[in-house]
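Residue-level structural notes
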Amino acid sequence: MKTNLNTLAKDYERIAQAIHYLETHNEEQPELSDVADYIGLSTSHFQRLFSRWAGISPKRFLQYLTLQHTKQILRDSKQSLLDTTHTAGLSSVSRLHDLYIQCEAVTPAEYRALGGALTIHYGIHPSPFGPCLIGSTDRGLCSLLFIHASEEKAVADMQRNWPKATFELNSERTKDLCERVFSTRRVDRPLYTVIKGTPFQLKVWEALLRIPMGQLTSYQQVARAISRPRASRAVANAVASNPLHYLIPCHRVIQSSGVLGGYRAGPLRKKLLLGWEAAKTQSRVANAA
């Protein structure tokens, strides 16, 4: 699995360069060979690399990221995608990407009671969507942040979320967690996570866990799902504060107009995550037909 993650991480960097080139040169309608030249590969090698990472052609991938496509998904998505019932915390087991995620929520008051007794081990690891920071406690995974600006900033963000904890760099301890998170194989044992937030944030993150892979929702729909229809801005802030990128799929929340909007780990990564998930979902549908 280690080799696979390293390979996918290298693929991601080149695919990100390719998508950026296609977007910035869209008016020129570049050929596949132009993109391949830009990232320093032959056309055939680039086609194989893209298909290995995304499972589809670059042209088809870009179609998944268009405004028209996202609007169609929002129209087709029913409100029932976000169960309107909720609890104050994340006490249930949710199915996501063939992973069983059991979340233990910690409110600010409960965290204060922990004092400085919490030790978080962390490490930087490759993933199919670029390098990420993994943080874990004895109770489970507590941080998963894609590296955007720098490793130092990601570490600072994690530390800011757990201000009283003791931090120890221990990549060997977090490596297995990273491999389990991004494994493409069926996982039978639950992945335990520990997240800290206000009751409102926990409700929002629980709603995000109910968004199926390949689907999108809007901030307004999330607000309605947690019975706070006028709290779209507060929902957006809670989405941006998500401590577990990818696992709590904040990238699946977009503007009601169909515009993808911002993303804490960078707008390009959000596009690549959504395109990758759309490709995998369509592949599953085709295989099941």
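Use the structure listed above.
Summarised in this report is the structure supplied together with it.

About the thresholds
- Residues numbered from 1 in each chain as written.
- Predicted model: local features only at pLDDT ≥ 70, side-chain atom pairs only at ≥ 80, totals over all residues.
- Heavy atoms only, no water.
- Helix = DSSP H or I, 4+ residues; strand = E, 2+ residues; numbered from the N terminus.
- Buried < 20%, exposed > 50% of the residue type's maximum accessible area, 1.4 Å probe, protein only.
- Contact = heavy atoms within 4.5 Å.
- Areas by Shrake-Rupley, 256 points an atom, 1.4 Å probe, with all protein chains shown as cover.
- 1 Å grid on protein atoms, 1.4 Å probe; cavity = no way out; pocket = protein on both sides within 12 Å on 5 of 7 lines; lining within 4 Å.
- Points joined across faces, edges and corners; volume = space filled by probe spheres on them.
- Expected span 1.5 Å × (residues − 1).
- Arc of directions from axis to C-beta.
- Patch = residues over 30% accessible without salt bridge, like charges linked within 9 Å, V, L, I, M, F, W, Y side chains within 5 Å.
- Salt bridge = Lys/Arg side-chain N within 4 Å of Asp/Glu carboxyl O.
- Lys, Arg positive; Asp, Glu negative; His and termini not counted.
- Charge placed at Lys NZ, Arg CZ, Asp CG, Glu CD.
- Axes fitted to C-alpha atoms, helices over the stretch in contact; angles between N-to-C directions.
- Parallel < 35°, antiparallel > 145°, perpendicular 65-115°, else oblique.
- Nonpolar A, V, L, I, M, F, W, Y, C, P; charged D, E, K, R; others polar.

Bringing the overall build of the protein into the picture now. When helices and strands are tallied, the protein shows twelve helices and nine strands. Residues classed as buried in the protein amount to 48% of the 289 residues present. For the protein, the share of sequence-separated contacts (at least 6 apart) that also reach a separation of at least 24 residues comes to 69%. Carbon together with sulfur atoms contributes 49% to the accessible area of the protein, which is approximately 13,800 Å² in total.

Okay, empty space enclosed by the protein next. Taken as a whole and judged by the stated rule, the model has two cavities of 30 Å³ or more. Empty space within the largest cavity amounts to approximately 90 Å³. Around the largest cavity sit 13 residues that line it, and Y64, I73, L216, L274 and A278 are the ones nearest its centre. Elements with a minimum of two residues in the lining of the largest cavity: α5 (67–76) and α12 (267–288). By residue number, the principal contributor to the lining of the largest cavity is α12, which donates four residues.

Before going further, it helps to spend a moment on helix α3 (residues 43–54). For α3, with twelve residues, the first-to-last C-alpha span of 16 Å sits near the 16 Å given by 1.5 Å per residue. What α3 keeps buried is the set F46, L49, F50, W53 and A54. All buried residues of α3 fall inside an arc of 105 degrees around its axis, so they share one side. Positive backbone phi, at 85 degrees, marks G55, one or two positions downstream of α3.

Let's shift gears to a negative patch on the surface. Taken together, the side chains of E27, E28, E31, D34 and D37 define an acidic patch exposed on the protein surface. Structurally, E31 can be placed in the loop between α1 (2–24) and α2 (32–38).

On to the packing of helix α9 (residues 199–209) against helix α11 (residues 232–240), then. To describe two helices that pack against each other, one gives the angle between their axes and the distance between the axes. Two numbers describe how α9 lies on α11: the axes approach to 9 Å, and their chain directions differ by 75 degrees. Between α9 and α11, the angle is such that the two are roughly perpendicular. Mapping the contact onto sequence places F200, Q201, V204, W205 and L208 in α9 and A234, V235, A238 and V239 in α11. Each residue belonging to the contact of α9 with α11 can be placed in one class, and the counts come to eight nonpolar, one polar and no charged.

So, about the layout of surface pockets. For the largest pocket, the calculated volume is near 490 Å³. Taken together, 16 residues form the lining of the largest pocket, with L22, N26, P58, K59 and L62 sitting closest to its centre. When residues of the lining of the largest pocket are traced back to their parent elements, those giving at least two are α1, α2 and α4 (58–64). No other element matches the four residues that α4 contributes to the lining of the largest pocket.

This brings us to the pattern of salt bridges. Side chains carrying opposite charge are able to pair once their charged atoms draw close together. Under the defined criterion, the tally for this structure stands at nine salt bridges. A salt bridge links D157 to R264; the shortest N-O distance between them is 3.9 Å. Here D157, found in helix α7 (residues 151–161), pairs with R264, found in the loop between β9 (253–254) and α12; they are 107 residues apart in sequence, far enough to count as distant. Under the relative-accessibility criterion, R264 is labelled partly exposed at 35%. Each of K153, D157, R160 and R264 takes part in salt bridges that share partners, so that together they form one network.

Another point: unusual backbone geometry. At Q29, a residue that is not glycine, the phi angle is positive and equals roughly 50 degrees. When its relative accessible area of 57% is taken as the criterion, Q29 is described as exposed. With a phi angle near 75 degrees, Y246 is a residue other than glycine that sits in the positive phi range. Tracing the sequence through the fold places Y246 in the loop between α11 and β9. With a relative accessible area of 5%, Y246 lands in the buried category.

Looking at where S183 falls in the secondary structure, it is placed in the loop between α8 (171–181) and β7 (191–196). With relative accessibility at 12%, the residue S183 sits in the buried group. For the pair formed by S183 and P128, sequence separation is 55 residues and the distance between their alpha carbons is 9.9 Å.

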